[in-house]
Structures are given as C-alpha cells and as structure tokens.
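Examination of the molecular architecture
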Amino acid sequence: MTETRRTQQLHLGKCIEDLDKLHNVPDLKSKRANLLCKTAQKLFESAEEAREKGDEEYSYVYYMKYLRVIAYISKDKDYLKDKSYFNNMLGAKNPNKAIDAAEELKNSLIDRYEKEQKTKRLNDIKENELIKQKIEENRKKTTESVPIIEPPTAGLPSLDEVTIKSEQLYSILKCGKLKVMILDARPGKDYVESHIIYPACISVPEECISPGQSANVLEQNLPAASRLVWAERASMELIVMLDWSGTAVIPGKTLHLLKTILLKWDVKVQYGRPPLALLGGYEDWLLKYPAFTTNPQARPPRQDDFMDDMLGEIEYPNWSELSPAAAAPPAVVRGKPGEPVVDRTSKAAAVQMYSERARNMQLILEQQERIADSSLTLEMQRIEYEQDWEKVRMQHETEVQDDLRAFYKLREQEIISQLMQLENKQYDMEQENQSLREQLEEYQRREREEAEKLAETIAGASDETSATDVEVERAREAAAREVAAAAARIAAVRSQRSVLDRTRERLEAERKRKLQHARDKRKPADRDERGVSSDEEEPCAPTFDRSTKPSKVAPSSDLHQRDFQPVWGDVGRGLTGLKNLGNTCYMNSIIQCLNNTAILVTYFCNGQYLEHVNRSHSTRGAIAEELAAVVRALWSGQYRFIATRDLRNEVGKHQRAFRGCEQQDSHEFLTILMDWLHLDLQFTINVPPHKDSLPPSEKAWHEYTKSKESLILRLFYGQIKSTVRCTVCSKQSVTYESFSNLSLELPANANRCTLSDCLKLYLNGETIPGWNCPNCKEKRDAVKKLDISRLPPVLVIHFKRFYVDPKEYMCNAYRKKQTYIDFPLEDLDMRQFALHCPSNHLYNLYAVSNHYGSMEGGHYTAYCKSSVYGKWYKYDDHVVTEISSSEVKSSAAYILFYTSCGASRLS
C-alpha cells in the first residue's frame, strides 16, 4: 500500500513550508455548525481518496484543512451546547485518524523533499561537470582550428533594463565570455552563511552602505576579502547587485544606494553600462540553482531582524517645555575678568545680589519639585495600567464569547500602548530634570566664585563694612536654608518614587514573563489562526438600530463596494480613527498625517483626482483610489473609526514587507507611498520651448519629471543640489536630485539638539579623496556640499533615530539614540538652508508621526493640527483625542510635516 501511495510525483511544492501555505481556510464566522460539519466530512473524504491514489501532497493539505475546520467547530456555540450530536456527524474517530495521518504524511513528505533536493543537486553537479568538459573540448578545438568570430553573448539584458533574471545570469556565468562581478548587498553574516559560488562574487555588507557615501569611503568599510575584487571593478563588463528578495531598485533602499554610489560617487571608474539588480534576489537564485551556492540550506532572514534593521535608528526628543525663566540659564551680568559685578562694599547691593540669586535657584528648585511630583504621578499611573493589564489579560483568556474576547483584546492593546507612552514621558521628565540639575550646579559654582571674590574685597574694607559682611552672610544663609528645604522635599519625593519604581518594575517583569510564556505555549496552528483572526476581531457592536439611519451608508466607490467595517458615531470632520488590523499602527499614523494635509484632502474629496488616475503604472491607479476612499470616509464625520483593509491589501500586493501582521517602519511606508501616489496620479504638462536656456536647476527638474507631474509631486517633492569642488583649483561639478522627504542624521554624542543643528549637519560638506578633477587632470581631494535648490510647499522631515553599531555590524547590533530635538511649531525659517527661497519661506508644523517603545516592540501614533478646528489632536489608532500644543514636542517625534504659509492660505 505504501508503494502505491508514492507512485505519484511531487508537484505542489518544493518543501513542506510550501504546503503549509495552502491549507489555510477562509473566514468561517458566518457559517453554521451543521454546514461546517458537512464541509469537514467532504475534506476528510478528499484526503482519504488522495491518499489512496498515492498523492501525499494533496492528502496532507486536505487533512490539515479538515483539522482547521474541526478546531473552529470545537469553539462554536452550537457545538458546545450539543457535543454528542456534532461528534456523531463528524465521526468520533475521524479527528484522531486525521491527526495521525497528517503527522505520518508530513514526515514522509519531508523525507521525499530532501531526497528530491539531493537528487536535483547531484544532477546539477553532473550537468556542471559536463558543461565544463564541453567548454574544455571546445577550447581545444578552437586552438587547433582557425579562429572564428563568436556571436554576442545570449541572454544579456538590453541597456534599458535595470534587472537581470537568474537564468540569464546563470547562462552568462556558464559561458564565461564576460567579466562579471557580483555585489552581494545582504548583511555580512548572511553572506558568510551562504552566497553564490563565483570568484568575483563579493560581500558589500548592507551595514556599510549609507546615503551620500562615496565609493572611496565604502571601499574602506568593506571586508578585507572583498577589497581585492572591488578594486578590479573598472575592468568588469557586467556588474550584478543582489539582496535577499529584491524585485526593483527602490529609492532609499540598499540596492538603490549602492547603484547611486557606483554611478555618481565612484570617481575612479566610468562604467560601460549601469549595474543590474538580480530579479528576485538571492532567494530566487537559491531556489533555482542551489548547487551553485555555498550553502543550499540557507534560510530567509527573520522578520524581527528585518524590523530591527529598519527601526535601529529611531530616537526621541524631550517632552515638557521649560518655562521662559528656565528655558536658558538666567543671564548673569559679569564685568571684566577679575572685577566684581557690583560694588561689594555696598550693603544693599550685596544683599540684593544674593536675594536675586536665591530667587533664581528657588525657581529651578520649584521646577524640579514640579517634575518630581509629575514623575511620581506618572509612576502611579504606570502601576495602575500594569494592574489593569493583568485584569484584562485574565478576562481575555477566560472569556468564552468571541465578541467579548475581541473587546478585551482591543483593551489589552490600548493599555500596552499607554504604558509605552508613559515610559516615554517618564524619560522626557528625567532629561528635563537633568538639564535643571546642570543649571543649578552652574549657579552654585558661580556663587562660590563670587563669594571668594567678595571675601577678598571685604577683608580689605573698614570696620564699618563688617556689618555689610554680616548682612550678606545672613542673606546667604537664608538662601541656603531655602535651598536645603527644597532639596529635602525633592529627596522625599524621589524616595517615594523609588519605592513605586520597584513595584512597577516587578509588575512589568511579571507581565513580560507571562507574555513570553503565552507565546511559547501557543501552538503553530493557533498562532496562524490568531494572525488571521486578529484582523477580524471587532469591538462590541453598537446597540442602536442601524436601520433607523438610512442616510448613513458605508463608504464606497463607483468601482466596487468596500467594507470599512465602520463603527458609527457623529464626530468632527477629519476626527475619525483607524482600526489596528494587526501591527498596522505605522500605516495608520502616516495616513492620518496625510489626511490632515488640507490641499490633498480637497483634491481627494472633490473627485478632482479622478481626472489624473494613471492606469499604465504597475499599481494601475489602485493605491490612489483606495487612499482617496479612506480620506473621504475619514472626512464624512459619521464614523468613530473605520478599517482600511482594502488599502492594506492593495499595498501588500505591490510590496511584500507590508503584507501580514509584522510591525514596519512608518518612514519606509511613507517614502514608498509617495512614489506610488505620484505615479498613480500623473498628468502631462507642456515642456518649455527653450528648455536648454533654463537655469540648471529648472532644467534638471524637467528632465526628472519628463513632462509628467502630479499634485503629489508639486506638494511634497523638492530638489537637492550636490556640488563637488576641487580643493586645489576650485573646479566644481554639480548634479541635482529630487526628494519627497529630508532624512536627517543627528549630531553624534549629543543629548540635546535643535532642528537647525540637524539641517546644518545634513548640508555640511564631506571630503572626497581621489576625485578625478576635470580641470587639473589629476586625482585631487574634493569637497561634496549639499544645498536645497527647490523647497516643496509641504516639507517632510525624518529623523534617523536608529543606527547600526559599527563595532558589531556583523551581528546586526542596532542601537537607538535618545537625543532630544527641539523643533518649532510655527515660523520655521528655511532661508538659511535653501539657495533660492520662494517668497513664502516660513513653515508651520501641522502633523507629527510618533514612535514609542523599543526595537523589540513599538507603537506609532500621530499628532495633527486640524485645519477645520485649529486644534491639535492625537490619533492613536481608533482613538482620537484633543491635546494641547505643549504636548506636541515629545521625545517620540519621528517624522515632521510642515506646510508653508502660502500653502496654508491656498488650502
């Protein structure tokens, strides 16, 4: 019987993981238990029939689908009421039989897949040996016969192509007629684990590649084994780049950065053709040619490692604003060195000086007391949330009804989000307190210096001035007593908070332990079901009769009906929340920021965008249409919150990273979304008649747009001028690049900085050694300088808060900076940072994308200023609340959205 079953060849997949993707079942919530029992019986019969025919793959898939349906039936309310009836329908022994059969089939299939892979590898090795023999025979014949002109290499992509298929690369490498270099841009440890077997395949670690980098700097950061081959790149006829699974060279991603370095900042080399990206990346090569890899058993990079890569640079600004008196140390009027500030022999002046100094220190101490009290209050709130989380978690686990379980699950997520935000505020207060402590120490240091000078002055005075000394000393003692009393009060509060700290840390540790225990305990099947069902969970349904609201219809488009799963409720226009569909807070945060861009909202709500939908792009206008539908729903004012399932599904079709329920980076999502929207909403413009006579910046802009513009381009896109200047003869080379957002580095080793500091750092010059100066005709040191040559009406600024530790780049050791960035809410002046500023050079902040938490787990929110109500609101997934403007500046700020004053008036 066993022999008969194995007669059919494997045809559904190449490994057991391929089959596991096929046995998912659709949503079963709307199905009745009787119907599900019949479905389960049919699946069982199909599994038995396929097994008898010898088709182990289909049999395994049917058995697993059967077990999925059985698992769902066992939780059904009707089943729980009458278990014996449904068990008779299903067959009492069938579930156990299916479990045993599925386990047996799984083991058998794993063995068969491994044997098939080994056989395939052996065949590939034999084929390779035969090819080598034929090549050697052909070479011998060639040396003996008259030389002939060889035809061009088959399969080489045309000059217009930007990618190369694995089959093409394989044939080129086998042919051996071209000098090929393969640049593996995956992380260094992944290259060591497995890479293509080819002498000129080298590692260019992802960790070594950064924006604006020159080829010379990149070469210095390469592993020693890669540098020798890298030095030969000028003689290569074909250069191929690859990452794990890249399908396109996306701006801002690793392959795009590497290509830019090679083509624009490689001063030593002029390439005959641009580098090509391997279509499908190393994953595709590994599937098709495992014999030509150092390790065919290489596994895809873990998703949480991918998240660490993206979020490894985030850092947070400080939360509370100092009062005007504490924003900077009070100015101390000082005379020339060695001279007293006031007349030391004057009793009134001396007493007044110490009284003022005491008041200044008292003000700082009062602020420290306020922070200590607020910190204590926050600590108590964190403890309350920890206790609430424990109660909700128990209710979530013990509740039987699905709707209540969904409600408790939602509440549990809300509490965890609040805990992250409280931790962030706690950190901000500690930073502010540290700043005040430094100011107080500076005052005390100055007081000691002045006291020493005063003592010297009084020592040489007459007996009459001794009374002055006594009065001054009394004033000093009184001030010291007040300072000591305030310090004692602060110490008492700190002691009380220390006790609460330990209590909260114990609760937090217990929470993390239980979460980890729940994850370890959960079965794979349960994990899959949660991943699917988490999208379907809904809070308790509204109690009112929806039929009494005939005028309120769920939002839809002319093309198809969308299910926004709206929760009804009259709210202000633009104040509708977005449901979290399973770690989609990064997407919700960006959507809400764009949803508060007034001109964009008008464009989508009045239907003007329909005139510009571009069907020729790969997304065929679908991304723009889905976002427009979401914006219209958010501005209807009749929903408390909605779900963006259709938009997320459409985004996932075109970018693998945004599928599923894994947390992603809001900046990466924003950058890709901007490019999609620009391509989806293009319209043609007239080219200027005298294009060549335009200024270089305008000419470069028209070459970039290629007569295709969009509202997205006109609103969000700007231009950077890059100037490389020879340090010897001052010869300059100028290029222009567009941007949809400015991604700013943070000053190294700085606890606090300003937005102005970050902009200056971004625009500062970089030395490039070995630049081929066209004027000197020699290699010279050069300086590369960036300038903003075109400011967009909407300026988006991103802070690089995550970074890779250069000392541990092989281990993917990411770190997070904790720098506080002070940015203006109004009147950001860009004149000093742009070459040709428009008349409206002032920008006002209208939205912020925030990130809380750590690299292991985080949460995104948005702060947006309503163009209708003129107030700031916090968008925390489905919850929208009003906040004060003082809360907008926080150490969670990640992406800032500024609009020029002109754009505000236009909206």
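Treat the numbers as computed from the prediction; the structure is a model and nothing was measured.

Moving on: the overall build of the chain. The helix and strand inventory of the chain stands at 27 helices and 26 strands. Taken across its 907 residues, the chain has 47% of its residues classed as buried. Partitioning the contacts of the chain with sequence separation of at least 6, the portion at a separation of at least 24 is 74%. Per element, the accessible surface of the chain, about 45,500 Å² overall, is 51% carbon and sulfur.

Time to look at the sheet that holds strand β6 (residues 567-568). If you trace the 3 strands from one edge of the open sheet to the other, you get β6-β8-β7, paired in mixed fashion. Looking at which strands have only one partner, the edges of the open sheet turn out to be β6 and β7 (577-578). The sheet contact formed by β7 and strand β8 (residues 639-642) spans 2 bridges and is parallel. Residue pairing across strands places G577 opposite F641, the latter belonging to β8.

On to the packing of helix α21 (residues 622-634) against helix α22 (residues 645-654). Running from amino to carboxyl end, α21 crosses α22 at an angle of 160°, the nearest separation of the two axes being 9 Å. Comparing the axis directions of α21 and α22 gives the class roughly antiparallel. Considering only the axes of α21 and α22, their crossing is left-handed. On α22, the residues touching A622, I623, E626, L627 and V630 of α21 are D646, L647, E650, V651 and H654.

This part is about the packing of aromatic side chains. The tally for this structure, following the rule as stated, stands at 19 aromatic pairs. Summarising the aromatic geometry, the rings of Y170 and F292 are spaced 5.2 Å apart at their centres and angled 70° between planes, so their arrangement reads as edge-to-face. Remark: F292 occurs in the loop between α13 (281-288) and α14 (303-311) and Y170 occurs in helix α8 (residues 166-175); sequence separation between them is 122 residues. Taking relative accessible area as the criterion, Y170 reaches 8% and is therefore assigned buried. Put simply, the rings of Y170, W285, Y289 and F292 touch in pairs and so form one group of aromatic residues. The aromatic ring of Y282 is capped on one face by R186, whose charged end is 4.1 Å from the ring centroid. Over the ring of W701 we find R790, and its NZ or CZ is 4.1 Å from the ring centre.

In this fold, R573 is placed in the loop between β6 and β7. Overall, R573 belongs to the partly exposed group, its relative accessible area being 44%. Those residues in contact with R573 that sit more than four places away from it in its chain are L634, W635, G637, V868 and Y869.

Glancing now at helix α26 (residues 755-763). Turning to α26, its buried residues number three or more, namely L755, C758, L759 and L763. Along the axis of α26, the buried residues cluster in a sector spanning 125°; they form a single face.

Attention shifts here to the nonpolar core. Counting 62 residues, the largest nonpolar core has L594, L600, F604, F716 and F897 as the members making the most contacts within it. Ranked by residue count, the leading element in this core is α21, at 9 residues. When residues no more than four places from it in sequence are discounted, the contact partners of F604 are Y609, A624, L627, A628, V631, R632 and L681. Ranked by size, the runner-up nonpolar core spans 36 residues in total, among them M420, C758, L763 and F833.

Attention shifts here to the pattern of salt bridges. Under the defined criterion, the tally for this structure stands at 20 salt bridges. Across the salt bridge formed by K653 and E650, the nearest N and O atoms sit 3.4 Å from each other. On the criterion of helical spacing, the pair formed by K653 and E650 is a turn pair, its members being 3 residues apart in helix α22. Taking relative accessible area as the criterion, K653 reaches 56% and is therefore assigned exposed. You can call E650 buried: its relative accessible area is 12%. As a salt-bridge pair, R790 and E698 come within 3.5 Å of each other at their nearest N and O atoms. Highlighted residues: R790 in strand β16 (residues 779-790) and E698 in helix α24 (residues 696-705), separated in sequence by 92 residues. Among the residues examined, E698 registers a relative accessible area of 31% and is labelled partly exposed. Here the salt bridges share partners, and the residues they tie into one network are E167, D284 and K288.

Moving on to the sheet that holds strand β12 (residues 732-739). The 4 strands are arranged β12-β11-β16-β15 in an open sheet whose pairing can be described as antiparallel. Of all strands in the sheet, those bounded by a partner on one side alone are β12 and β15 (766-772). Geometrically, the sheet is characterised by an average inter-axis angle of 30° between neighbouring strands, direction not taken into account. α26 rests against β11 (718-726) and β16 of the sheet, and its axis sits at about 135° to β16.

For any part of a model where pLDDT is low, the fine detail of the predicted coordinates should not be relied upon. With 72% of its residues at a pLDDT of at least 70, the chain reaches an overall mean of 77. No element of the chain has a lower mean pLDDT than helix α18 (residues 524-533), which averages 36, and none a higher one than strand β17 (residues 794-799), which averages 96. Low confidence marks residues 522-559, where pLDDT is under 50. Its contacts with residues over four positions away, or in another chain, come to 60 contacts. Low pLDDT, under 50, characterises residues 903-907; the stretch is placed with 7 contacts to residues that sit more than four places away or in other chains.

When you tally the buried positions in β17, you get 6 out of 6 residues, the bulk of the element. Alternating positions in β17 separate into two faces, V794, V796 and H798 on one and L795, I797 and F799 on the other, with burial throughout. Inspection of the sheet shows strand β13 (residues 742-744) paired to β17 by 3 bridges, in the parallel sense. Across the sheet, L742 pairs through a bridge with I797, a residue of β17. When β17 meets strand β26 (residues 893-900), the two strands line up antiparallel, connected through 5 bridges. Counted as the bridge partner of L795 is Y898 from β26.

Axis separation between helix α19 (residues 585-595) and α21 bottoms out at 11 Å; the angle between their running directions is 70°. Classed by the angle they form, the pair α19 and α21 counts as roughly perpendicular. For the pair α19 and α21, contact is made by I591, Q592 and N595 and by V630, V631 and L634, respectively. For the contact of α19 with α21, a count of residues per class yields 4 nonpolar, 2 polar and no charged.

Mapped onto the elements, P824 comes out in the loop between β20 (820-822) and β21 (828-829). The exposure class of P824 is partly exposed, given its relative accessible area of 27%. The spatial distance from the C-alpha of P824 to the C-alpha of L845 is 7.5 Å, given a sequence separation of 21 residues. With residues up to four places along the chain from it excluded, the contact list for P824 reads L755, L845 and Y898.

This part covers unusual backbone geometry. Although it is not a glycine, K706 sits at a positive phi angle of roughly 55°. Inspection of the secondary structure assignment puts K706 in the loop between α24 and β10 (708-709). On the basis of relative accessibility, which here comes to 64%, the residue K706 falls in the exposed class. Positive phi outside glycine occurs at N749, with the angle close to 55°. Within the secondary structure, N749 sits in the loop between β13 and β14 (752-754).

The next subject is the environment of E219. Residue placement: E219 occurs in helix α10 (residues 215-221). Between the C-alpha atom of E219 and that of W230, which follows or precedes it by 11 residues, the distance is 7.6 Å.

Burial of β26 is extensive: 8 of the 8 residues sit out of reach of the surface. Here strand β22 (residues 842-853) pairs with β26 via 7 bridges, running antiparallel. From the neighbouring strand, N844 faces β26, where its bridge partner is T899.

Definitions and limits used
Residues numbered from 1 in each chain as written. Predicted model: local features only at pLDDT ≥ 70, side-chain atom pairs only at ≥ 80, totals over all residues. Heavy atoms only, no water. Helix = DSSP H or I, 4+ residues; strand = E, 2+ residues; numbered from the N terminus. Buried < 20%, exposed > 50% of the residue type's maximum accessible area, 1.4 Å probe, protein only. Contact = heavy atoms within 4.5 Å. Areas by Shrake-Rupley, 256 points an atom, 1.4 Å probe, with all protein chains shown as cover. Pairing = 2+ DSSP bridges. Axes fitted to C-alpha atoms, helices over the stretch in contact; angles between N-to-C directions. Parallel < 35°, antiparallel > 145°, perpendicular 65-115°, else oblique. Left-handed = near helix turned anticlockwise from the far one by under 90°. Phe/Tyr/Trp six-rings, centres within 6.5 Å; stacked < 30°, edge-to-face > 60°. Lys NZ or Arg CZ within 6 Å of the ring centre and 35° of its normal. Arc of directions from axis to C-beta. Core = buried A, V, L, I, M, F, W, Y, C linked by side-chain atoms within 4.5 Å. Salt bridge = Lys/Arg side-chain N within 4 Å of Asp/Glu carboxyl O. pLDDT = per-residue confidence, 0-100. Nonpolar A, V, L, I, M, F, W, Y, C, P; charged D, E, K, R; others polar.

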